[in-house]
Amino acid sequence: MDVGEGSSRMQHAPSITRDDTIQAGHTLLIKIPSGDIRSIKLEQDATVSLGKFGSFHANELLGQPFGLTYEIVDKRLNALPSRPMQDVEDTEATNELINDGQLVQPLTVEEIEALKKSGLHASEIIQKQIEQHVNYSLKTEYSKEKYKKRKEMKYSKSFTVIEPTVFNVCEYWFNKDQNRLRDIRPDSLAQIVSLANIRPGGRYIAVDDVSGVVVSAILDRLGGQGRLITICDVDSPPAYPVMVQMNFRKEAIAPIMVSLNWATADEDYTPIVASSEPPSGKFKSDGQRTRLNKRKVASDALLQSREELFNGEFDGLIVASEYDPYSIIEKLYPYLAGSASIVVHSPNVQVVSRLLNQLRDLPGYLGPTVTEGWLRQYQVLPGRTHPTMNASGSGGFIFHVIKIYDDPTASSAMLHRHRKKLKQSSETSSATNAAKEGSSVMVATSDPVSTPVIGEDIEMGTS
């Protein structure tokens, strides 16, 4: 959502997996006055160049919080205060009498370049242009604000360091190349992690062929607690470029995330593990010892990850891949726990609709659904709130289903309640019948007992 002239810094809860301040080695997202976003690697004692917007020393950003706006002055950075939203007073001026032409702006390009080289501030250059603009007074107040904003985008030497949240990073990559994300917009990504019920302490399996945007969202939600096993089609650990902009701490990610390929994720496959023992039985050098020890640690980690996967009881499966989702789910289904969520994203509706038809009648899946998100961004300014002119066509399609155990002896809750009522009614009727039979037996046995007593009295009386 475009907040226009509002504060450039948004407050977010501190993250356990990321640093709250800018550190050396971070990959930063820089928003320049033109509105474009650039990605730069921040190295200590280096000089960062932003082209015509100027350059500055990288050390000035170290230790600073994200989200602040800076102005470049002689390769030095000055933090700018946030600009509050300002109400624009509506006047009777209209744009109908404006006649654009070459003489509207007397200042030539050469004169403007001379002003810039003389060291004049961008605001002073814009003020000179406004003073010499012939039709500026005929513009509406809204047109004047737009004119100032266009000139600031052209002459201002400022930039904003964007905080590396999942939303900002996903939006950056979606605008840069949405095909690499397979049309996963920030709102689609939010639905994926919500439907998958990602939470701290959970255990999940992810098949991510979308540059790591799904893995990044899961790791951010886990907050350093839980387990994530990613499955890919390469032997070495996959390179997720989206995770570069997230700037995760290695010590927070390494204990909770491991990667396997499709071969090592097969129980029938026996991985080829290189020997970690020296051929001669004795280490020739410390370098050989270190190398073989690393090989042993890697092989042990692989075997442990396979054992953890095969033990199962994972809380969810998230798939964003170019491969057939049905084959992926069929392969990884045994490793999911009961009530685990299965979420599949695809840019094509035919893929998820076919998956819906394949799983609808199977007894191990509950409530398969397909949804498509719809997003419309708004500009929010006092008196100028309206939808933006452009919008993305689609954020892809999301399939969701819940795993259940296929128990032939299980029955629905309604049937169980019906059987319980029948059992209670039968027990009540049996108790009633037993009570009736008991009373009739007592009547039948009382007569023979009472008769002899009366007889005895009669016999005693006649004798």
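Note: the structure precedes this text.
What comes next concerns the included structure. (Residues numbered from 1 in each chain as written. Predicted model: local features only at pLDDT ≥ 70, side-chain atom pairs only at ≥ 80, totals over all residues. Heavy atoms only, no water.)

**What to know about the pattern of salt bridges**
- A full pass over the atoms with the stated rule returns 10 salt bridges.
- Each member of the salt-bridge network shares a partner with another, and the members are Arg-203, Arg-227 and Glu-308. (Salt bridge = Lys/Arg side-chain N within 4 Å of Asp/Glu carboxyl O.)

**Concerning the pairing of strand β5 (residues 69-73)**
- Counting buried residues along β5, four of its five residues qualify, which places the element largely inside the surrounding structure.
- Bridge analysis of β5 against strand β6 (residues 76-80) gives five bridges, and the strand direction is antiparallel. Across the sheet, Thr-69 pairs through a bridge with Leu-80, a residue of β6.
- Hairpin remark: β5 followed by β6, antiparallel, with two residues in the connecting loop; positive phi at Asp-74, about 55°.
- The sheet contact formed by β5 and strand β7 (residues 158-162) spans three bridges and is antiparallel. Bridge pairing links Thr-69 to Thr-160 in β7. (Buried < 20%, exposed > 50% of the residue type's maximum accessible area, 1.4 Å probe, protein only. Helix = DSSP H or I, 4+ residues; strand = E, 2+ residues; numbered from the N terminus. Pairing = 2+ DSSP bridges.)

**Overview of the packing of helix α10 (residues 325-332) against helix α11 (residues 349-359)**
- The contact between α10 and α11 brings their axes to 9 Å, and the two run at 45°. When the axes of α10 and α11 are compared, the pair comes out oblique. Between α10, through Pro-325, Tyr-326 and Ile-329, and α11, the contact on the second element is made entirely by Val-351, Leu-355, Gln-358 and Leu-359.
- Its residues assigned to classes, the contact of α10 with α11 comprises six nonpolar, one polar and no charged. (Axes fitted to C-alpha atoms, helices over the stretch in contact; angles between N-to-C directions. Parallel < 35°, antiparallel > 145°, perpendicular 65-115°, else oblique. Contact = heavy atoms within 4.5 Å. Nonpolar A, V, L, I, M, F, W, Y, C, P; charged D, E, K, R; others polar.)

**Some words on helix α3 (residues 141-155)**
- Helix length check: α3, at 15 residues, gives a terminal C-alpha distance of 21 Å against a target of 21 Å (1.5 Å per residue), a fit within 8%.
- Ser-143, Lys-144, Tyr-147, Lys-151 and Tyr-155 are the residues of α3 that are buried. Relative to the axis of α3, the buried residues are bounded by an arc of 105° and lie together on one face.
- Contacts from the buried residues of α3 go to α1 (109-117) and α2 (122-132). (Expected span 1.5 Å × (residues − 1). Arc of directions from axis to C-beta.)

**Observations regarding the sheet that holds strand β10 (residues 257-261)**
- Pairing is mixed in the open sheet, where seven strands are placed in the order β10-β9-β8-β11-β12-β16-β13. Each of the sheet's edge strands pairs with one partner strand only, and the pair in question is β10 and β13 (365-372). The sheet shows a mean angle of 15° between the axes of neighbouring strands, taken without regard to direction.
- The sheet contacts of helix α5 (residues 186-195) involve β11 (314-320), β12 (336-346), β13 and β16 (397-403), and relative to β16 the element is tilted by about 5°.
- Each of β12, β13 and β16 touches α11; the most contacted strand, β16, lies at about 20° to it.

**Observations regarding the packing of α1 against α2**
- Taken N-terminus to C-terminus, the directions of α1 and α2 make an angle of 150°; their axes are 10 Å apart at the nearest point. If you check the angle between α1 and α2, you find them roughly antiparallel. Crossing handedness for the pair α1 and α2: right-handed. Contacts between α1 and α2 involve Ile-112, Leu-115 and Lys-116 from the first element and Ile-125, Lys-128 and Gln-129 from the second.
- Among the residues forming the contact of α1 with α2, the class breakdown is three nonpolar, one polar and two charged. (Left-handed = near helix turned anticlockwise from the far one by under 90°.)

**Quick word on the sheet that holds strand β2 (residues 37-41)**
- A sheet is described by the order of its strands in space; here five strands give the open sequence β2-β1-β7-β5-β6, paired in antiparallel fashion. What marks the edges here is a single partner per strand, and that holds for β2 and β6. Averaged over all pairs of adjacent strands, the angle between strand axes in this sheet comes to 35°, irrespective of strand direction.
- Those strands touched by helix α4 (residues 166-176) are β1 (27-31), β2 and β7, and its axis lies near 70° from that of β1.

**Thoughts on the packing of aromatic side chains**
- Tallying each qualifying case throughout the model produces five aromatic pairs.
- An angle of 45° between the planes, with centres 5.9 Å apart, marks the rings of Phe-310 and Tyr-335 as tilted. Remark: Tyr-335 occurs in the loop between α10 and β12 and Phe-310 occurs in helix α9 (residues 286-311); sequence separation between them is 25 residues.
- What links up through ring pairs into an aromatic cluster is the set Phe-56, Tyr-70 and Phe-159.
- Taking the ring centre of Tyr-333 as reference, the NZ or CZ of Lys-403 above it sits at 4.4 Å. (Phe/Tyr/Trp six-rings, centres within 6.5 Å; stacked < 30°, edge-to-face > 60°. Lys NZ or Arg CZ within 6 Å of the ring centre and 35° of its normal.)

**Observations concerning the environment of Lys-52**
- Structurally, Lys-52 can be placed in the loop between β3 (47-49) and β4 (55-57).
- Assessed through its relative accessible area of 65%, Lys-52 is described here as exposed.
- Once the C-alpha coordinates of Lys-52 and Ser-156 are considered, the two residues, 104 residues apart in sequence, prove to be 10.0 Å apart.

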